[in-house]
Amino acid sequence: MANVSLTVVLAFFANLVVALGKSFAAALTGSASMTAEAAHSWADVGNEIFLLVADRRGSGRADKRHPLGYGREAYFWSTIAAFGLFTAGAVVSIWHGIQELIDPEPATDYWIAYLVLGVSAVLEGVSFAQALRQSRAGAKQRRVTTLRFVLGTSNPTLRAVFAEDAAALVGLVIAFAGILLHQITGSPVFDAIGSILVGVLLGVVAVVLIDRNRRFLVGQGAGDELNRTVVDLLLERPAVDRVTYIHLEYVGPERVFLVAAVDLRGDDTETHVAIVLRRLERELEENEHIEEAILTLSTPDDASL
C-alpha cells in the first residue's frame, strides 16, 4: 500500500500546481476549455484527498466490530472521490461549455494558455508515469494487459489515479485543440465544444470508477485464476487430500475472505480433525492477502475441484 500512497501524493501535488496554473490562465484568457481544465484539476485535487483517506482507512485490520477488517472503506471513499469528479469536473465543464455557446466571451493571450497546457502536460505526465509503472508491475505479475489489470484490480486508489491522470492527458489535448481552433477561426464555438468534450470525458471516467467500486462494495468474487491459486495453496498442505468447494470474496484492496471445503487425509477422530482445520486456517491467514479463512469438511461424494 506504500507505493499506492506515493502515487496518490505525487498526483495530489501535481494536480495542485496544475489547478493553480490553469485557473490563472483561464482568468486571463477567458478560454472555456481552459476553465473546464481548471475545474477538472481542482476536482482531481479534492479527489486525491479522498483517495488518501481511502488508502488509510481501508488498511485497518479486523477487530470485534469489523471481523473482516476495514478494507471496504477504501471502496466507499473512492466512490465519493469518483462522484466528486463527476459533479465538480464533468457537470461544471459541460455547463460552462453550454454557457459559452449561448453567450461567448472573447478570448485573449493565447500564448499563456499554451504555456500552461505545456507545463501541465509535463506534470500530469510525471504523475501518470508513476501510476503506469505500478500498474504495469501488477499486470506483469498477473500476466494480463495493463488496461485489464487497472479495470480489474481490487485496489481502487491505484485505478482512480491511473484513470484520472490518463483522462487529464487526453483532456489537455482536447483543450489545446479547442483553443487553437478558436484562435485560427476566431469562433468561440470550438473552445466551447472543447469544454463540453472535457466534461463528457470526465463523466465517462467517473461512471466507470463508480461502477467498479460498486461491484467491490456489494461483494466482488475472485476470478478463476485466483481461485486456482488458492486451491493449489490448500493442496500444498500435507493434511489436505482434496478441495471440493471454494469461495473467495474481496473484502478490501488485495485482501480476500476465504471459505473452502476440504477432504483431510486419513480418518481421524472429530477432535483431531477440528484441531487440524483450525491450524490450517491460522496458516492460511498468515498470508497477507487472506483476511480470514474458514474451512469445513467435504463429504465423500463431493466432486474435487
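Computed from a predicted structure; not experimentally measured.

Cut-offs and rules
- Residues numbered from 1 in each chain as written.
- Predicted model: local features only at pLDDT ≥ 70, side-chain atom pairs only at ≥ 80, totals over all residues.
- Heavy atoms only, no water.
- Phe/Tyr/Trp six-rings, centres within 6.5 Å; stacked < 30°, edge-to-face > 60°.
- Helix = DSSP H or I, 4+ residues; strand = E, 2+ residues; numbered from the N terminus.
- Buried < 20%, exposed > 50% of the residue type's maximum accessible area, 1.4 Å probe, protein only.
- 1 Å grid on protein atoms, 1.4 Å probe; cavity = no way out; pocket = protein on both sides within 12 Å on 5 of 7 lines; lining within 4 Å.
- Points joined across faces, edges and corners; volume = space filled by probe spheres on them.
- Nonpolar A, V, L, I, M, F, W, Y, C, P; charged D, E, K, R; others polar.
- Core = buried A, V, L, I, M, F, W, Y, C linked by side-chain atoms within 4.5 Å.
- Contact = heavy atoms within 4.5 Å.
- Pairing = 2+ DSSP bridges.
- Axes fitted to C-alpha atoms, helices over the stretch in contact; angles between N-to-C directions.
- Salt bridge = Lys/Arg side-chain N within 4 Å of Asp/Glu carboxyl O.

Caption draft 1: The packing of aromatic side chains, seen in detail. Taken as a whole and assessed by the stated rule, the structure comprises five aromatic pairs. A centroid spacing of 5.1 Å and a plane angle of 50 degrees characterise the contact between Phe-128 and Phe-162, whose relative ring orientation is tilted. Of this pair, Phe-128 sits in helix α4 (residues 110-142) while Phe-162 is found in helix α6 (residues 156-185), placing the two residues 34 residues apart along the sequence. Since its relative accessible area comes to 17%, Phe-128 is described here as buried. Take Phe-162: its relative accessible area is 11%, and that puts it in the buried class. Ring centres of Phe-216 and Tyr-250 lie 5.5 Å apart, and the angle between their planes is 70 degrees; this geometry places the pair in the edge-to-face category. Placement of the pair is Phe-216 in helix α7 (residues 189-217) and Tyr-250 in strand β1 (residues 240-252), with a sequence separation of 34 residues. For the pair formed by Phe-216 and Tyr-250, the shared burial category is buried. Every member of this aromatic cluster is reached through a ring pair, and the members are Tyr-75, Phe-216 and Tyr-250.

Caption draft 2: Quick peek at unusual backbone geometry. Notably, Arg-143 is not glycine yet its phi reads approximately 60 degrees, a positive angle. Looking at the secondary structure, you find Arg-143 in the loop between α4 and α5 (146-152). In this structure, Glu-254 takes a positive phi of about 60 degrees despite not being glycine. Along the chain, Glu-254 turns up in the loop between β1 and β2 (255-264).

Caption draft 3: Examining the layout of surface pockets more closely. The volume enclosed by the second largest pocket comes to roughly 240 Å³. At the level of secondary structure, the elements contributing two or more residues to the lining of the second largest pocket comprise β2 and α9 (270-285). The element best represented in the lining of the second largest pocket is α9, accounting for three residues. Residue composition of the lining of the second largest pocket, grouped by class: six nonpolar, four polar and five charged.

Caption draft 4: Seen up close, the nonpolar core. Residues Leu-51, Leu-85, Val-161, Phe-162, Leu-202, Val-205 and Leu-209 are the most contacted members of the largest nonpolar core, which totals 27 residues. For this core, the elements supplying multiple residues, two or more each, are α1 (2-29), α2 (32-57), α3 (73-102), α4, α5, α6 and α7. Sequence-distant contacts of Phe-162, that is, excluding residues within four places in its chain, are made with Phe-128, Ala-131, Leu-132, Ser-135, Thr-146 and Val-150. Of all hydrophobic cores here, the second largest spans 24 residues; its members include Leu-248, Val-262, Leu-264 and Leu-284.

Caption draft 5: Expanded view of the sheet that holds β2. Ordered in space as β1-β2-β3, the three strands form an open sheet in which the pairing is mixed. The open sheet has two edge strands with one neighbour each: β1 and β3 (290-297). Here the average twist between neighbouring strands, direction ignored, is 15 degrees. Relative to β2, β1 runs antiparallel, the two being bridged by ten bridges. From the neighbouring strand, Gly-252 faces β2, where its bridge partner is Arg-255. Across the face of the sheet, α9 comes into contact with β1, β2 and β3 while running at roughly 155 degrees to β3.

Caption draft 6: Representation of the pattern of salt bridges within the structure. What the rule picks out here adds up to eleven salt bridges. In this structure, the salt-bridge partner of Arg-215 is Asp-211, at a minimum N-O distance of 3.2 Å. With a gap of four residues between them, Arg-215 and Asp-211 both fall in helix α7, about one helical turn apart. On the accessibility criterion, Arg-215 (35% relative accessible area) is partly exposed. Given the relative accessible area of 25%, Asp-211 is considered partly exposed. Between Arg-282 and Glu-281 there is a salt bridge whose closest N-O contact spans 3.6 Å. Arg-282 sits in the partly exposed class, given a relative accessible area of 42%. Salt bridges here are not isolated pairs; linked through shared partners, they connect Arg-278, Glu-281, Arg-282 and Glu-285.

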